[in-house]
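If you want the building blocks of each chain, they are given just below.
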Amino acid sequence: MKKIIVPFLFICIASQVKAQPGSLSEQYIRNLKQVTDVMVNDVASPVAASRYYAYITLATYELQSLYAPQTYPSMKGKLNGFPGFQLASELLTDTDSELAVLLGIFKAAEKLLPSGYMFKRSADSLMQAYRSDKKADRPKTAVLVDSVVKQLMVYVRQDRFNKLNNMPRYVLLEGDGYWKPTPPVFMAPIEPHWNKVRTFFLDSAQQFRVKPPAPYDKRPTSSFYKQLYEVYAYGQKATKEEQEIANFWDCNPFAVQQIGHIEFGLKKISPGGHWVGIAGIACRNAGLPLHETVRVHTLLSLALADAFIACWDEKYRSNRVRPETAIRKLIDPRWKPLLQTPPFPEYVSGHSVASNAAAEVLTALLGDAVSYTDDTEVEFGLPVRKYTSFNQAAAEASVSRLYGGIHYRDAIDQGVWQGREVGRLMIRKLGVFFQSAKATRP
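Residues numbered from 1 in each chain as written. Predicted model: local features only at pLDDT ≥ 70, side-chain atom pairs only at ≥ 80, totals over all residues. Heavy atoms only, no water.

**Points about the packing of aromatic side chains**
The geometry of two aromatic rings is summed up by the distance between their centres and the angle between their planes.
Okay, step 1: In this structure the tally under the stated criterion is 22 aromatic pairs.
Okay, step 2: Ring centres of phenylalanine 82 and phenylalanine 85 lie 5.3 Å apart, and the angle between their planes is 85 degrees; on these two criteria the pair is classed as edge-to-face. Take phenylalanine 82 and phenylalanine 85: they sit in the same class, and that class is buried.
Okay, step 3: Put simply, the rings of Phe248, Trp249, Trp275, Tyr372, Tyr387 and Phe390 touch in pairs and so form one group of aromatic residues.
Okay, step 4: When the ring centre of phenylalanine 161 is taken as reference, the NZ or CZ atom of arginine 51 above it lies at 4.1 Å. (Phe/Tyr/Trp six-rings, centres within 6.5 Å; stacked < 30°, edge-to-face > 60°. Buried < 20%, exposed > 50% of the residue type's maximum accessible area, 1.4 Å probe, protein only. Lys NZ or Arg CZ within 6 Å of the ring centre and 35° of its normal.)

**A word on the pattern of salt bridges**
Proximity of charged atoms lets side chains of opposite charge pair with each other.
Okay, step 1: In this structure the tally under the stated criterion is 23 salt bridges.
Okay, step 2: Between glutamate 26 and arginine 30 there is a salt bridge, with the nearest N and O atoms lying 3.9 Å from each other. Here arginine 30 and glutamate 26 lie together in helix H1 (residues 23-42), a separation of four residues that amounts to about one turn.
Okay, step 3: Glutamate 346 is the partner of arginine 320 in a salt bridge, and the nearest nitrogen-oxygen pair spans 2.9 Å. (Salt bridge = Lys/Arg side-chain N within 4 Å of Asp/Glu carboxyl O. Helix = DSSP H or I, 4+ residues; strand = E, 2+ residues; numbered from the N terminus.)

**Digging into the state of the cysteines**
Okay, step 1: Following the criterion strictly, the structure yields zero disulfides and no others.
Okay, step 2: Not engaged in a disulfide, the cysteine cysteine 283 finds its nearest cysteine sulfur in cysteine 251; these two sulfurs lie 19 Å apart.
Okay, step 3: On the basis of relative accessibility, which here comes to 1%, the residue cysteine 283 falls in the buried class. (Disulfide = S-S within 2.5 Å.)

**Digging into unusual backbone geometry**
The general pattern is negative phi for most residues beyond glycine and trans for most peptide bonds.
Okay, step 1: Residue proline 184 follows proline 183 across a cis peptide bond; omega there is 5 degrees.
Okay, step 2: Here proline 184 is to be found in the loop between helix H5 (138-156) and helix H6 (223-237).
Okay, step 3: Despite not being glycine, aspartate 94 shows a phi value in the positive range, around 60 degrees.
Okay, step 4: Checked against the element boundaries, aspartate 94 lands in the loop between helix H2 (46-67) and helix H3 (97-112).
Okay, step 5: Judged by relative accessible area, which is 45%, aspartate 94 ranks as partly exposed.

**Points about the confidence of the model for the protein**
Okay, step 1: Across the protein, the average pLDDT comes to 92, with 92% of residues at 70 or higher.
Okay, step 2: Taken together, the stretch residues 1-22 has pLDDT below 50 and engages in 57 contacts with residues farther than four places along the chain or on a different chain.
Okay, step 3: Here residues 438-442 scores under 50 on pLDDT; set against residues more than four positions off or in separate chains, the count is 17 contacts. (pLDDT = per-residue confidence, 0-100. Contact = heavy atoms within 4.5 Å.)

As structure tokens, then:
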């Protein structure tokens, strides 16, 4: 029997927190990074990670809304089924809004994530180290945050996620054109019922249905075979730059390394986690204050969550075979993609959907010509990459799946369309929250 070994990830706890201009935004970004680290340790799937980010950042946004409702209005009534949070007015007295926001990350993550217990020490460290110029009551602030998180969890439990395990077990479809588990571990498909999870702003998971994929066809003249051969050809001719792009955007939490009969889990960030990292870089570069940084991360995270719900709805509708399976059957039985194939159907490309939804939202918030150096993958052994806009990064993330042997061309193109539509809808429906995030240099 093969054994999968997943090394434990040590989470570093910040020892100092200073409430000085500029530092609070940085602390928010660092706190979210701790959440990302725990998700990597938990091997959170792309869809699960997007759900966690959405609820955690929503909690922090609503906390700051309690203190400044005119500047940061509540999302009550704007998100599907979201009732807002109710607090007695006296609970806001003598409490610290910035501490509440920073603490909200850890308190919400503690309740949401499988390894949420890790955040108790982080919350305790934050409470002990936090310095405020206000005459604020730190224990009272913690009580306030606990009250908000308790109400958040009521909203969370209504999203139908807890019903997924009771749904019918996924059964592989017969036929060469349908998805089959792939090497090296032949994992079962991830979250086949994710389209049942409540959306945040989409009317339904089916709101932006893509065109049907090219049907499976063995004939060399068919659209399917031509696309299949394009993937195969990139496996032979991909340039060094194209291989670097593929590896940079791999973001496969389920990747493993096989040594003999033992398989080691490779720690990798999720696609959503990568874009949350990009948002942190952009907010830091723009010098945004804490409250603007919260707004950017919340809107991004909500967009990512709905983008993945829409994408997963199509994945298990079309249930299309991965290139790795089809190429081995029709072209070369020994062919291997540059990247490991993720454990779910091919159509549409999740990277394309999520990245283009993210680019729409971040561009609306921060502008089109935003240059930045993306160092999100450095800790995973990959060099930095530079971009002149979020759209450029999204386009690169999308095509990376072709270079890596993971997706066909139409899955990428339709994924781009779906992601753009999800992002644009969010901007239309939640326009009040998309005022320009103005830079405030410390």
